[in-house]
Amino acid sequence: MTTPSAATPSTTTGAGRHGPAPTPAGVPRGRGSLGPVGLVLAGGVSVQFGGALAVTLMPRAGALGVVTLRLLVAAIVLMVLCRPRLRGHSRADWGTVIVFGVAMAAMNGLFYQSVARIPLGPAVTLEVLGPLALSVLASRRAVNLVWAGLALAGVFLLGGGGFSSLDPLGVVFALGAGAMWAAYIVFSARTGRRFPQADGLALAMGVAAVLFLPLGVAESGAKLLDPTVLGLGAAVAVLSSVLPYTLELLALRRLPASTFAVLMSLEPALAASAGFLILGQALSATEAAAIALVIAASMGAVRTQVGRGRTKGAGAVS
């Protein structure tokens, strides 16, 4: 995928040295058709519960310190597990990985600056506007505009119909994180096509960790070496980075960016659930209605994509 607008159901991922050519993106087959959707959902659950845990860690290590631990531990784990090759990659491959790493670092840094100022639910609600905007830009089907609009309505409903009572700087950080999230989606897909398995993700995570390390040390210093902080930071890294990023990278090899972006509208609902279970934030009737809207939008987007894939398959057979 070279641009967001190229993320259509007819897009295919690369083959060659990465293995046999996979199924064209957005053309699910048989009972495995919900496989990539399950990967996205599992990643969403993991990242939101990791985010809730990170909120409890911020008083100990600060927002930048938490991000540093998250990226650094995740980079170490992925580099050890994947052992990516450093040679044999083109300049374009490295350029993609570096931009992916920059987007990842910026997305994490801006988001944690946001949740340090505003509650988790509204922060994720604002952040998800980035993927929703990508969905509209990347889609070439009018019906996807309907699903994106429905998800957007749920997002604003979850935010209580407005965000005027929130810290303005926190809102700006959340919106910036959303823009970086959209960039993350695009470059995660590109990286997945250029590197085998999760090698590109491991390299990009290393780039992000190196970029953020000076900021975390400057803010938190020796606090980062506290055993409790290290343990909680490692848990946040696994839940918020290692698992979700790996699952999402694998999913993007089989889903077009437009469908993936609308699925991201589930994040506010998952964040509300994590906030309730870990932070004791109860759900109101309005929030429950918002969750229903974003779930309906996500299911509609997936069913539309699956239906189009089946129509194409039937046409090919006939």
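Here, every reference points to the structure presented above.
Right, let's walk through the structure included here. (Residues numbered from 1 in each chain as written. Predicted model: local features only at pLDDT ≥ 70, side-chain atom pairs only at ≥ 80, totals over all residues. Heavy atoms only, no water.)

## A short note on helix H2 (residues 63-82)
Taking 1.5 Å per residue, 20 residues should reach 28 Å; H2 reaches 28 Å between its end C-alpha atoms and fits that length. Taken residue by residue, H2 has Ala63, Leu64, Gly65, Val66, Val67, Thr68, Leu69, Arg70, Leu71, Ala74, Ala75 and Leu78 as its buried positions. In this fold, the buried residues of H2 make contact with helix H1 (35-61), helix H3 (91-115), helix H8 (199-220) and helix H9 (227-252). (Helix = DSSP H or I, 4+ residues; strand = E, 2+ residues; numbered from the N terminus. Expected span 1.5 Å × (residues − 1). Buried < 20%, exposed > 50% of the residue type's maximum accessible area, 1.4 Å probe, protein only. Contact = heavy atoms within 4.5 Å.)

## Description of the environment of Met58
Tracing the sequence through the fold places Met58 in helix H1. Separated by 171 residues in sequence, Met58 and Val229 have C-alpha atoms that sit 9.5 Å apart. What Met58 contacts, discounting residues up to four positions off in sequence, is Ala63, Val66, Tyr112, Val115 and Ala116.

## Here's the deal with the nonpolar core
Core analysis: the biggest nonpolar cluster contains 76 residues, and Met104, Phe111, Tyr112, Leu201 and Met205 have the highest contact counts within it. Per-element tally for this core: the top contributor is helix H7 (residues 168-194), with 10 residues. Residues contacting Met205, with those up to four places away along its chain left out, are Leu71, Ala74, Ala75, Leu78, Met104, Ser241 and Tyr245. (Core = buried A, V, L, I, M, F, W, Y, C linked by side-chain atoms within 4.5 Å.)

## Looking at unusual backbone geometry
For Arg83, which is not glycine, the phi dihedral falls at a positive 45°. Here Arg83 shows up in the loop between H2 and H3.

## Some points on the packing of H1 against H9
Contact geometry of H1 with H9 gives a least axis separation of 8 Å together with a crossing angle of 160°. Viewed along their axes, H1 and H9 adopt a mutual orientation that is roughly antiparallel. Considering only the axes of H1 and H9, their crossing is left-handed. (Axes fitted to C-alpha atoms, helices over the stretch in contact; angles between N-to-C directions. Parallel < 35°, antiparallel > 145°, perpendicular 65-115°, else oblique. Left-handed = near helix turned anticlockwise from the far one by under 90°.)

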